[in-house]
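Observations on chain architecture
Here are the chains, one letter per residue:
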Amino acid sequence: MYAFNYHRPKSLADAAKLLGDASDGKFIAGGQTLLPTLKNRLASPSDLVDLTGIAELSGISVAGSTVSIGAITKHGAVATSAEVKKAIPALSTLAGLIGDPAVRNMGTVGGSVANNDPAADYPSAVLGLNATVHTTKRKIAADSFFTGLFETALADGEIITKIEFPVPKRAGYEKFRNPASRYAMVGVFVAETADGVRVAVTGAGPCVFRHKEMEAALSKSFSVDALKGIKTDPAKMNNDIHGSGEYRAHLVGVVAKRAVQNALG
Ligand SMILES: Cc1cc2nc3c(=O)[nH]c(=O)nc-3n(C[C@H](O)[C@H](O)[C@H](O)COP(=O)(O)OP(=O)(O)OC[C@H]3O[C@@H](n4cnc5c(N)ncnc54)[C@H](O)[C@@H]3O)c2cc1C
């Protein structure tokens, strides 16, 4: 690891100023992605601005039909929240499937969504539930947020403050884990929302994506059988040491059916 300056501000304004003043600064939250990156000397920021001292970024609340989760809320807190479990059980299931207890006790929702790892779990819930990402500058709809491999709509210095998840009529998540890392080889989040059925797939391609054919079929009949015969293009899937494009395309179908089954209860 290279040397860097460390800051732990108490307010969003101070965090933004510290980052702006740094020659090459970075925000850090749970450090579950950033710290390994630094340890492997794949990045050498001049300054780390730790967001975990900013109280207003923490916490879970449910008001009416919206679940609001502060950016520095840990995966473990989401997984064990009785409020989340009641309002969106699939979201608490998803959080409980992330990594291992150490990762869940350090990693944060905002860090995961900002990082947009192609195999991360949360992006599928954000996209599948049509959530809204709140930042220090604006509100970003899920459909516009994830723009590519490790890429998002966030501008330099923009901080995710919270994510608002609309409560769906029903939803289900299923994940086929990479046995070594526990990240998703394929994860599918299915939700019947006020705006129709949404199906978000993570792990399979370079970036989380909506499976429009599955959405159309499930809109006609929200059942496992509705997905029979729907194919996913292997050419658009990741093809790497963990699995071929054909394997992942096949898994999308299998995992999606299990996600629908989970939603049906
Ligand atoms: C062994 C291991 C297994 C894992 N398994 C899984 C898994 O199964 N599923 C899964 O989804 N993830 C998994 N993860 C990743 C984990 O979920 C991390 O928590 C997540 O990737 C990053 O969150 P963080 O809070 O640790 O962010 P950090 O590592 O602190 O930051 C990540 C990036 O996000 C930026 N950032 C952080 N917070 C904000 C914010 N509020 N606004 C703007 N930018 C911000 C940082 O600048 C940095 O670029 C695993 C990690 C490890 C080490």
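Residues numbered from 1 in each chain as written. Predicted model: local features only at pLDDT ≥ 70, side-chain atom pairs only at ≥ 80, totals over all residues. Heavy atoms only, no water.

Here we look at the pairing of strand 5 (residues 66-70)
Each regular strand shows side chains that alternate between the opposite faces of the sheet. Extensive coverage of strand 5 is indicated by the burial of four of its five residues. Sheet analysis places strand 4 (residues 60-63) next to strand 5, joined by four bridges and oriented antiparallel. Within strand 5, the position partnered with Val 62 by the bridge is Val 67. Where strand 5 lies against strand 10 (residues 160-166), five bridges are found, and the strand directions are antiparallel. Across the sheet, the residue bridging to Ile 69 is Ile 163, located in strand 10. (Buried < 20%, exposed > 50% of the residue type's maximum accessible area, 1.4 Å probe, protein only. Helix = DSSP H or I, 4+ residues; strand = E, 2+ residues; numbered from the N terminus. Pairing = 2+ DSSP bridges.)

A look at the domain arrangement of the chain
Here the domain parsing of the chain yields domain 1 (5-49) and domain 2 (58-264). One C-alpha centre belongs to domain 1, the other to domain 2; they are set 26 Å apart. On the side of domain 2, 12 residues touch domain 1, which itself brings eight residues to the contact. Taken together, both faces of the contact between domain 1 and domain 2 bury some 730 Å²; the carbon and sulfur share is 73%. Connecting domain 1 to domain 2 are zero salt bridges. On the surface where domain 1 and domain 2 come into contact, there are zero residue pairs in polar contact (both at pLDDT 80 or more). The element best represented in the side of domain 1 that touches domain 2 is helix 1 (residues 12-21), accounting for three residues. A class-by-class count of the residues in the side of domain 1 that touches domain 2 yields five nonpolar, three polar and no charged. (Domains from an automatic or database assignment. Contact = heavy atoms within 4.5 Å. Buried area = accessible area lost by both parts, 1.4 Å probe. Salt bridge = Lys/Arg side-chain N within 4 Å of Asp/Glu carboxyl O. Polar contact = N/O pair within 3.5 Å; in protein donor to acceptor, adjacent residues only side chain to side chain. Nonpolar A, V, L, I, M, F, W, Y, C, P; charged D, E, K, R; others polar.)

As for the sheet that holds strand 3 (residues 47-50)
Strand order in this open sheet of three strands is 1-3-2, and the pairing throughout is parallel. Since the sheet does not close on itself, it has two edges, and those belong to strand 1 (5-7) and strand 2 (25-28), each with one partner. Direction aside, the axes of adjacent strands within the sheet are offset by 20° on average. For strand 1 and strand 3, the ladder comprises three bridges, and the chain directions are parallel. Bridge pairing in strand 3 links Tyr 6 to Leu 48. Across the sheet, helix 1 lies against strand 1, strand 2 and strand 3, angled at about 145° from strand 2, the strand it touches most. (Axes fitted to C-alpha atoms, helices over the stretch in contact; angles between N-to-C directions.)

Structural notes on the site of the ligand
Surrounding the ligand, one finds 29 residues, the nearest of these being Phe 27, Gln 32, Thr 33, Thr 108 and Asp 121. Contact distances for the ligand include 2.8 Å between an oxygen atom and a backbone N or O atom of Leu 34. Interatomic distance of 2.6 Å between a side-chain N/O atom of Thr 108 and an oxygen atom of the ligand. About the coverage of the ligand: the protein hides 89% of its 970 Å² of free accessible area. When contributions to the shell around the ligand are tallied by element, the ones reaching two or more residues are strand 2 and helix 7 (109-115). Taken together, the residues of the shell around the ligand break down into 13 nonpolar, 11 polar and five charged. The two domains that each donate at least three residues to the shell around the ligand are domain 1 (5-49) and domain 2 (58-264). (Near = heavy atom within 4 Å. Areas by Shrake-Rupley, 256 points an atom, 1.4 Å probe, with all protein chains shown as cover.)

Some details on the nonpolar core
Membership of the largest hydrophobic core comes to 37 residues, with the highest contact counts inside it found for Leu 91, Val 113, Tyr 122, Val 126, Phe 165 and Phe 189. Among the nonpolar cores identified, the runner-up in size contains 24 residues, and Leu 251, Ala 256, Val 260 and Ala 263 belong to it. (Core = buried A, V, L, I, M, F, W, Y, C linked by side-chain atoms within 4.5 Å.)

Quick notes on the side chain of Asp 50
Of note, Asp 50 is situated in strand 3. In this structure the side chain of Asp 50 is engaged in a polar contact, spanning 2.5 Å, whose partner is the side chain of Tyr 6. In contact with Asp 50, other than residues within four places in its own chain, are Tyr 6, His 7, Arg 8, Pro 9, Ile 28 and Ala 29.

Overview of the sheet that holds strand 6 (residues 132-135)
The strands making up a sheet associate through backbone hydrogen bonding, with each pair oriented either parallel or antiparallel. The sheet built from five strands is open, its strands ordered 4-5-10-6-7 with antiparallel pairing. The sheet is open, and its two borders are formed by strand 4 and strand 7 (139-141), each paired with just one other strand. Ignoring which end each strand starts from, the neighbouring axes of this sheet average 20° apart. Here strand 6 runs beside strand 7; their pairing, made up of three bridges, is antiparallel. Along strand 7, the bridge assignment pairs His 134 with Lys 139.

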